[in-house]
Amino acid sequence: MESDNIEELLEKYFEATATGAEEEALRRYYQKGNVAPHLEKYAPMFQYVSLAKKERYTRQVSLPISGKSRKNIYKWFSVAAVVALCFGLYLKERAIVTLESEYTQEEIASAQEALALFTHNFSKGTKQLSYLEEFERNTNKFLIKEQ
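Heads up: these notes are all about the structure in this document. (Residues numbered from 1 in each chain as written. Predicted model: local features only at pLDDT ≥ 70, side-chain atom pairs only at ≥ 80, totals over all residues. Heavy atoms only, no water.)

Description of the nonpolar core
Moving on, step 1. Membership of the largest hydrophobic core is limited to eleven residues, which are Ile6, Leu9, Leu10, Leu26, Tyr29, Tyr30, Val35, Ala36, Leu39, Ala43 and Phe46.
Moving on, step 2. If you list the elements that add at least two residues to this core, you get helix H1 (2–14), helix H2 (20–32) and helix H3 (43–54).
Moving on, step 3. Setting aside chain neighbours within four positions, we find Tyr30 in contact with Leu10, Val35, Leu39, Tyr42, Ala43, Phe46 and Gln47. (Core = buried A, V, L, I, M, F, W, Y, C linked by side-chain atoms within 4.5 Å. Buried < 20%, exposed > 50% of the residue type's maximum accessible area, 1.4 Å probe, protein only. Helix = DSSP H or I, 4+ residues; strand = E, 2+ residues; numbered from the N terminus. Contact = heavy atoms within 4.5 Å.)

Encoded structure:
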């Protein structure tokens, strides 16, 4: 009768639905030593859990960062930030290039003309798009009335 109860508890244990009291009952059953032969294969697992519970770490744990070394870390972070800032400003200053130094006046005028033409055609397209939206709105009014 007891092995049936233990089998039910084992099933609950492996399905992770056993309560703490049920797990403790399993541990006590395997610690007694009077285990049914077909349940002996689980004995090492519960014996290990019992032994692992008793283990304690007794060595002193020292934290690597003390108050003084924290100050040093903050100093190095601030130095790294200043270096990164100076490097970024140096690269930004080198990257500033005027159009006049890169292109001739004819090339700049040609690009401005092309952009003006693009802008004109784009605004014509958006104007026609508004006509399309109005057409769709009116069509939907008629379609919704017919249904």
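Some remarks on the pattern of salt bridges
Moving on, step 1. Scanning the entire structure with this criterion turns up four salt bridges.
Moving on, step 2. Put simply, Arg27 and Glu23 hold a salt bridge, and the shortest N to O gap is 3.5 Å. In this pair, Arg27 and Glu23 both sit in helix H2, four residues apart, roughly one turn of the helix.
Moving on, step 3. The exposure class of Arg27 is buried, given its relative accessible area of 11%.
Moving on, step 4. With a shortest N-O distance of 3.1 Å, Arg27 and Glu24 are connected by a salt bridge. Taken together, the positions of Arg27 and Glu24, both in helix H2 and three residues apart, correspond to about one turn of that helix.
Moving on, step 5. Here the salt bridges share partners, and the residues they tie into one network are Glu23, Glu24 and Arg27. (Salt bridge = Lys/Arg side-chain N within 4 Å of Asp/Glu carboxyl O.)

What to know about the packing of H2 against H3
Moving on, step 1. The interhelical angle for the contact between H2 and H3, taken along N-to-C directions, is 105°, at an axis separation of 9 Å. By the angle between their axes, H2 is roughly perpendicular relative to H3. Of the residues in H3, those in contact with Glu24, Leu26, Arg27, Tyr30 and Gln31 of H2 are Ala43, Phe46, Gln47, Val49, Ser50 and Lys53.
Moving on, step 2. Split by residue class, the contact of H2 with H3 holds five nonpolar, three polar and three charged. (Axes fitted to C-alpha atoms, helices over the stretch in contact; angles between N-to-C directions. Parallel < 35°, antiparallel > 145°, perpendicular 65-115°, else oblique. Nonpolar A, V, L, I, M, F, W, Y, C, P; charged D, E, K, R; others polar.)

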